[in-house]
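# Architecture and fold: a report
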Amino acid sequence: MDMKTFIEMGEKKAGKQIELAKLLNIRDTTLRLAKSGKKGLPDAICIKLADYIEVNPLQVIAASNLVTEKDEERRKIFKSCFNRAASIAAAALIFTFSSMTSSPAHAGQLLSEHVNNLYYVKL
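Every value quoted in this text rests on a predicted model; they were computed, and no experiment measured them.

## Digging into the pattern of salt bridges
Across all of its chains, the model carries four salt bridges by this definition. The partner of Lys22 in a salt bridge is Glu19, and the shortest N-O contact between them spans 3.8 Å. Taken together, the positions of Lys22 and Glu19, both in helix α2 (residues 17–24) and three residues apart, correspond to about one turn of that helix. Arg32 is paired through a salt bridge with Asp28; the nearest N and O atoms lie 2.8 Å apart.

If you want it as structure tokens, here you go:
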């Protein structure tokens, strides 16, 4: 995901961009620049936004850093945060479903019924 998507999620929940900016305690121009991909947000604001929209803070921080980072090696590191966060979430889902069922196979069947876009878990 990119910063625009995360900010749009926040805007939808807050009602307006200016309301989201108030909730994050930043100027709406700062939020507008981040949404347009011209500026990143400080990590603390990314964490606040992630908590507000209920997503993994690591993903929002990585998305914000990808806005401005030019070094390709560092960009790879930030991009890996999306895979890592997805893997952790998938492992948590599998653990939750397996603790609720009699067998791991049954957990996998239940999980596949509820999660359509889960292709693999990298542990």
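Next comes the rest of the write-up.
## Looking at unusual backbone geometry
Peptide bonds are mostly trans, and most non-glycine residues show a negative phi. Even without a glycine there, the phi angle at Asn25 is positive, about 60°. Checked against the element boundaries, Asn25 lands in the loop between α2 and α3 (28–35). In this structure, Glu54 is a non-glycine residue whose phi angle is positive, near 60°. Relative to the elements of secondary structure, Glu54 occurs in the loop between α4 (43–53) and α5 (57–68).

Cut-offs used in this document
- Residues numbered from 1 in each chain as written.
- Predicted model: local features only at pLDDT ≥ 70, side-chain atom pairs only at ≥ 80, totals over all residues.
- Heavy atoms only, no water.
- Salt bridge = Lys/Arg side-chain N within 4 Å of Asp/Glu carboxyl O.
- Helix = DSSP H or I, 4+ residues; strand = E, 2+ residues; numbered from the N terminus.

That is the geometry; function is a separate question.
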